[in-house]
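Residue strings, one per chain:
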Amino acid sequence: MLRFAPSPTGDMHIGNLRVALFNYIVSRQRDEDLIIRIEDTDKERNIEGKDAEIVALLDLFGIKYKEVIYQSKNLKFHQALAVDLLHKKKAFNCFCTNEELERKREEAKKAKKAYRYDGTCLKLPPEEVIDNPKPFSVRIKKPDSPVKFTDIIKGEFEFAPDDIDSFIILRVDKTPTYNFACAVDDMLNDISLVIRGEDHLSNTPKQIHIRKELGYEKDIEYAHLPIILNQEGKKMSKRDNASSVKWLLEEGFLPSAIANYLILLGNKTPKEIFTLDEAVEFFELKNISKSPAKFDIDMLRHINREHLKNMDEKELSRYVGFADGDIGALAKIYLEEASTTKELKEKISKIFGKKDIPDEYKENAEIIKKAIQEAEFFEEFDDLKKYITDKTGLKGKNLFKPLRIILTGSEHGPDLSDIYKYLKNYIQEVVK
Ligand code: GLU
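The shown structure was predicted, so the numbers you read here are calculated from the model rather than taken from an experiment. (Residues numbered from 1 in each chain as written. Predicted model: local features only at pLDDT ≥ 70, side-chain atom pairs only at ≥ 80, totals over all residues. Heavy atoms only, no water.)

Undergrad: Whenever I open this one, helix α14 (residues 325–333) confuses me. Can you help?
TA: What sets the pattern is the α-helix's 3.6 residues per turn: residues three or four places apart point alike. The set of residues buried in α14 consists of I327, G328, A329, L330, A331 and I333. Tucked inside the fold, the buried residues of α14 contact α13 (313–319), α15 (341–352) and α19 (416–423). The backbone nitrogen of D326 lies 2.9 Å from a side-chain oxygen of the residue at the head of α14, namely D324. (Buried < 20%, exposed > 50% of the residue type's maximum accessible area, 1.4 Å probe, protein only. Helix = DSSP H or I, 4+ residues; strand = E, 2+ residues; numbered from the N terminus. Contact = heavy atoms within 4.5 Å. Polar contact = N/O pair within 3.5 Å; in protein donor to acceptor, adjacent residues only side chain to side chain.)

Written out as structure tokens, the structure reads:
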């Protein structure tokens, strides 16, 4: 079983979508199920409706999963297993207040030492624990020996007991911390491989330690994906519009192209343009680069254009407000100067919208427009051209500039004869 475990705390980041795509691809390659686990235990950071938004995005990207589960539903298991660790003396009640802990953290900082829990409550005699009316959290005891694991992308890791530390697994309100809930759920969900962002790398030894103390013997594999950098070489954050999947979709990037780009990023692939189904054939986690990848919107634009070229014409026409293959074919001609559905829609709207005609062409434009309005239907552009010249006496620049503006709303653009092929059935609507 694989899992994608988003927190419903904000708009989906492209890094998270990348994690979801990789989990989906590998689940298909291994013929194992994928579950979506909404990590909603941090009540203060949860934003209502974000869970549904994330699931809708996964559907849009063609990521199939067995079920969506909510981590908060497992609260009773988290608490029961924390009690189990207390019974086995692998965890202890910690009565230290936030103020005390903060003071010790400050002291460590001043002494330029890494802060570690000093074991105050580990040494309490049982009488002091039993009758203690003070609020308490539950801490797991740090391991006796280093925790080692192999990451499929990044290789071998070893964390010393002191770096894992005796950390909190249940807060004072008896809700689980992220590491505890995550470690327990990966065990309860029978997860075989965790693919997630490298910001979680230092959590992994803690989660392995928790499961070991719970007596769980199955080895879970790990793959931590390097972060995605912006053009300045900094981590892509909310401040970078392109980090939001929603923003990219609104800008007119296709889900298939975004997926293609995120799979290509920092990877070795046999080709540049592919579908998600094709990626399942060749994808290998171990080919993912260990170092961060830089997001390049121009590359995404290029990939988007290629996906638009390959798209069925009728389907493409829907993105620009029609349901007609001819309009899809017309839009494809405009891929010379546009690379998103938003840009294509602007081009097509200009053709069908009210035209802004510069003064110098106004007079001839009116004459040509009237001629077309009175014309019969012409199959070929050359016949239309000949008809207008015969009827109005206009030719050369006096004909072509105003005609182009009337037909396209722009002074420049693709060949009119190419456009006319797909526009001829709409000609009266275009010149109205
Ligand atoms: N909920 C965590 C996050 O969104 C992911 C945790 C995990 O994959 O283990 O960053």
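Undergrad: Any chance you could explain the sheet that holds strand β5 (residues 137–140) here in plain terms?
TA: Backbone-to-backbone hydrogen bonds pair the strands of a sheet. The strands run either parallel or antiparallel. The strand order β4-β5-β8 describes an open sheet built from three strands, whose pairing is antiparallel. Looking at strand neighbours, the two that pair on one side only are β4 (91–94) and β8 (168–170), the edges of this open sheet. When the angles between neighbouring strand axes are averaged without regard to direction, this sheet yields 45 degrees. (Pairing = 2+ DSSP bridges. Axes fitted to C-alpha atoms, helices over the stretch in contact; angles between N-to-C directions.)

Undergrad: Mind showing me how you'd approach the pattern of salt bridges here?
TA: In a structure, side chains of opposite charge can pair up when their charged atoms sit close to one another. A full pass over the atoms with the stated rule returns 33 salt bridges. Between K424 and E379 there is a salt bridge, with the nearest N and O atoms lying 2.7 Å from each other. Placement of K424 in the loop between α19 and α20 (427–431) and of E379 in the loop between α16 (359–374) and α17 (381–392) is noted, with a sequence separation of 45 residues between them. Given a relative accessible area of 15%, K424 falls into the buried group. A salt bridge links D382 to K385, with the shortest nitrogen-to-oxygen separation between them at 3.3 Å. Taken together, the residues D382 and K385, both in helix α17 and three residues apart, mark about one turn of the helix. Looking at K385, the relative accessible area reads 26%, which means it is partly exposed. (Salt bridge = Lys/Arg side-chain N within 4 Å of Asp/Glu carboxyl O.)

Undergrad: Would you mind showing me how to read the pairing of strand β7 (residues 155–159) here?
TA: Within a regular beta strand, the side chains point alternately toward one face of the sheet and then the other, so they alternate between its two faces. Judged from the five bridges that link them, strand β6 (residues 147–151) and β7 form a sheet pairing that is antiparallel. By the bridge assignment, V147 is partnered in β7 with F159. Counting the residues that bridge the hairpin from β6 to β7 gives three residues.

Undergrad: Just to check I follow, could you spell out the environment of E39 for this structure?
TA: For E39, the position within the fold is in the loop between β2 (34–38) and α2 (50–60). In contact with E39, not counting residues within four places along its chain, are A5, P6, S7, P8, N46, Q71, Y178 and C182. In this structure the side chain of E39 is engaged in a polar contact, spanning 2.9 Å, whose partner is the side chain of R37. Engagement of the side chain of E39 in a polar contact is seen with the side chain of Q71, the distance being 3.4 Å.

Undergrad: Sorry, what's going on with the site of the ligand here?
TA: For the ligand, the full set of nearby residues is R3, A5, P6, S7, E39, Y178, C182, R196 and H200. The separation between an oxygen atom of the ligand and a polar side-chain atom of R3 is 2.7 Å. With respect to the ligand, the side chain of H200 contributes an N or O atom lying 2.9 Å from an oxygen atom. In isolation the ligand exposes 300 Å². Once the protein is present, 85% of that is buried. Class assignment for the residues of the shell around the ligand results in four nonpolar, two polar and three charged. (Near = heavy atom within 4 Å. Areas by Shrake-Rupley, 256 points an atom, 1.4 Å probe, with all protein chains shown as cover. Nonpolar A, V, L, I, M, F, W, Y, C, P; charged D, E, K, R; others polar.)

Undergrad: How should I be thinking about the packing of aromatic side chains in this particular structure?
TA: Aromatic ring pairs are reported here in terms of the distance separating the ring centres and the angle at which the planes meet. Counted according to the given criterion, the structure contains 14 aromatic pairs. With centroids separated by 5.5 Å and ring planes inclined at 20 degrees, the aromatic side chains of F149 and F157 adopt a geometry described as stacked. With relative accessibility at 7%, the residue F149 sits in the buried group. On the basis of relative accessibility, which here comes to 22%, the residue F157 falls in the partly exposed class. Among the aromatic side chains, those forming a connected cluster through ring pairs are F149, F157, F159 and Y222. Across the ring face of Y115, the terminal group of R105 is positioned such that the distance to the ring centre comes to 4.9 Å. The ring of F136 is capped by K174, whose NZ or CZ atom sits 4.0 Å from the centre of that ring. (Phe/Tyr/Trp six-rings, centres within 6.5 Å; stacked < 30°, edge-to-face > 60°. Lys NZ or Arg CZ within 6 Å of the ring centre and 35° of its normal.)

Undergrad: I keep staring at the packing of α17 against helix α18 (residues 397–408) and nothing clicks. Help me out?
TA: Each packed pair of helices is defined by two parameters, the angle between the axes and the distance between the axes. Between α17 and α18, the shortest axis-to-axis distance is 11 Å and the interhelical angle comes to 120 degrees. Relative to α18, α17 is oriented oblique. For the crossing formed where α17 meets α18, the hand is right-handed. Contact residues: F381, K385, I388 and T389 in α17; L399, F400 and L403 in α18. Residues of the contact of α17 with α18, tallied by class, amount to five nonpolar, one polar and one charged. (Parallel < 35°, antiparallel > 145°, perpendicular 65-115°, else oblique. Left-handed = near helix turned anticlockwise from the far one by under 90°.)

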